[in-house]
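Structure assessment
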Amino acid sequence: MPSFHPTRRAVLAGLGATALSARAGFADSAPIPLTAQRVLAQIAPKGYPQTEVWSYDGQLPGPQLRLAQSTRLRRRFVNKLDVPTSVHWHGIRIANAMDGVAGLTQEAVAPGASFDYDFLVPDAGTYWYHAHTHSMEQVARGLSGALIVEERDAPDVDRDEVLMLDDWRLDPETAQIAPDFSHPMDLSHGGRFGNLIGTNGRYNLSLTAKRHERLRLRLINAANARTFVLRLAGLSGWQVALDGMPQPTPEPIAQNIVLAPAQRIDLIVDVTAAGDEAAIDRLGNDAQWYRQVGVQITGAASRARRAVPAALPPNPRMELPDLAQARPLEMKIEGGAMGGMPMSQMRSLMQSGKFWTLGGQAGPVDPPFARLSLGEPVRLRMVNDTAFPHAMHLHGMHFREVLEGERLGPMRDTLLTEAGARHEIAFTADNPGKWLLHCHMLAHAAAGMTAWIEVS
Ligand code: C2O
Ligand code: CU
């Protein structure tokens, strides 16, 4: 794989045209397969054995699916694993039947079977896809990839680079994925962290760029539990989108970029490095900074530094939800280690293999947490009464945080809530169907932090 992907213009000129999976005029040809299969990948540093991972199309991460806004994504998903699985298209607002949640929106795809995913992508931006059947294990084993929907008027950048940040828990001797997927410590504490951190399926990704080049960086956190705190060196610029959704105006990049599991951020950066290396660095638990992605500087581009980029074009349905009319809901997040849940309640939870509750229930359970009428505005207060952070993700619709003075924050699909924090989100229930609302620390989701709402 080349270290950089061609710009949209180059793609349209015919280079890498296979990356365009949905184009008008081809709607009735057989869908291109997307195959879940085992493969060996060199995740660990050189000298270590290859790691057997579960992949899409034999790639780690899965192939980058790129298509134009308002076109259809059509893929014949083929399951060549020996366990059932399904594909969820994270953050893209699509028809419910295509959402890929086994047991809620479709049956899991049996080994040897296939399922045709076919949906319109209304929104441009940075999304991703991942397994949504036993996702704690299946995502940890490698089943994820980037889904990029291109704006009709793409920003003027020299390169468009997707960076999927991830971590893997490997046996230090064999470099194989540790098969401990029901560890009570992971389930009841911060989730399943890896011991090897990397980008785009490699532990030490290095790119090349020229000084003065302008890059669009699409950062995706595909990790099971790890929140990445990042800073840039020799790169400076603007944040232009969060969780796929364009911001009304580009904002200077914060000193530290916080990216919770499943969140995305789009940056437009200019290469300003004075030496021969730029980088994205990651804050470790020990308060030290580590190199996440190195960027080797290979000369200077002819164009000097450019003006502030324009905002990305807005997506449809970005109107603010009507707070005055909104139905108030409250969801308590409870349980886990050191969370203050009464011991008797904790014990009975644990008897069912769970450690957490959302809205008083260890899910998924029937009936849904809420039934909403189509078009209804909602404000949902989320009360984190636990000792851990959680990355709360709503399927099918983006929301905005209700900030001080009833001001509404940017559109997101995943919200990081710190231990003890309270947040309120608002959205218009404008997408009919059964939609999950769960923690994207996937061990937590497996241990009870999975609820759903129904919009009809
Ligand atoms: Cu990233 Cu329920 O999904
Ligand atoms: Cu959680």
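Structure: above.
Concerning the coordination of the copper ion (ligand 2)
Those protein atoms acting as donors to the copper ion (ligand 2) are His 390 (ND1), Cys 439 (SG) and His 444 (ND1), and they sit at 2.0 to 2.1 Å. All donors of the copper ion (ligand 2) come from a single chain, and their spacing in sequence reads H-x48-C-x4-H. Of the two residues, His 390 is situated in strand β24 (residues 390-394) and His 444 in helix α5 (residues 442-446); the sequence distance between them amounts to 54 residues. As far as burial versus exposure is concerned, His 390 and His 444 are alike and both buried.

Looking at the sheet that holds strand β18 (residues 277-283)
Strands sit in the order β11-β19-β18-β13-β16 across an open sheet of five strands; the sheet is mixed. Each edge of the open sheet is held by one strand with a lone partner, namely β11 (205-211) and β16 (257-259). Neighbour-to-neighbour, the strand axes of the sheet open up by a mean angle of 25°, direction not taken into account. Summarising the sheet, strand β13 (residues 228-233) and β18 pair through four bridges and their orientation is antiparallel. Within β18, the residue paired with Ala 233 across the bridge is Ala 279.

Quick look at empty space enclosed by the protein
Under the criterion given, the structure shown has six cavities of 30 Å³ or more. In terms of lining residues, the largest cavity is bounded by Leu 358, Gly 359, Gln 361, Ala 362, Gly 363, Val 365, Pro 367, Pro 368, Phe 369, Thr 450, Ala 451 and Trp 452. In terms of residues, the lining of the largest cavity owes the most to one element, strand β30 (residues 450-455), which gives three residues.

Quick notes on the nonpolar core
Within the largest apolar cluster, 42 residues are counted, with the highest numbers of intra-cluster contacts made by Leu 372, Met 397, Phe 427 and Ile 453. Looking at which domains feed residues into this core, each of domain 2 (159-300) and domain 3 (323-455) supplies at least three. Setting aside its immediate chain neighbours within four residues, Met 397 contacts Arg 93, Phe 427, Thr 428, Ala 429, Asp 430, Asn 431, Trp 435, Ile 453 and Val 455.

Section: the packing of aromatic side chains
Taken as a whole, this structure holds eight aromatic pairs when the rule is applied. Members of the aromatic cluster, each reached through a chain of ring pairs, are Tyr 56, Phe 77, Trp 89, Phe 115, Tyr 117, Phe 119 and Tyr 129. Taking the ring centre of Trp 289 as reference, the NZ or CZ of Arg 231 above it sits at 4.1 Å.

What counts and how
- Residues numbered from 1 in each chain as written.
- Chains lettered and ligands numbered in written order.
- Predicted model: local features only at pLDDT ≥ 70, side-chain atom pairs only at ≥ 80, totals over all residues.
- Heavy atoms only, no water.
- Donors = N, O, S within 2.8 Å, 3.2 Å for Na, K, Ca; no water.
- Helix = DSSP H or I, 4+ residues; strand = E, 2+ residues; numbered from the N terminus.
- Buried < 20%, exposed > 50% of the residue type's maximum accessible area, 1.4 Å probe, protein only.
- Pairing = 2+ DSSP bridges.
- Axes fitted to C-alpha atoms, helices over the stretch in contact; angles between N-to-C directions.
- 1 Å grid on protein atoms, 1.4 Å probe; cavity = no way out; pocket = protein on both sides within 12 Å on 5 of 7 lines; lining within 4 Å.
- Points joined across faces, edges and corners; volume = space filled by probe spheres on them.
- Core = buried A, V, L, I, M, F, W, Y, C linked by side-chain atoms within 4.5 Å.
- Domains from an automatic or database assignment.
- Contact = heavy atoms within 4.5 Å.
- Phe/Tyr/Trp six-rings, centres within 6.5 Å; stacked < 30°, edge-to-face > 60°.
- Lys NZ or Arg CZ within 6 Å of the ring centre and 35° of its normal.

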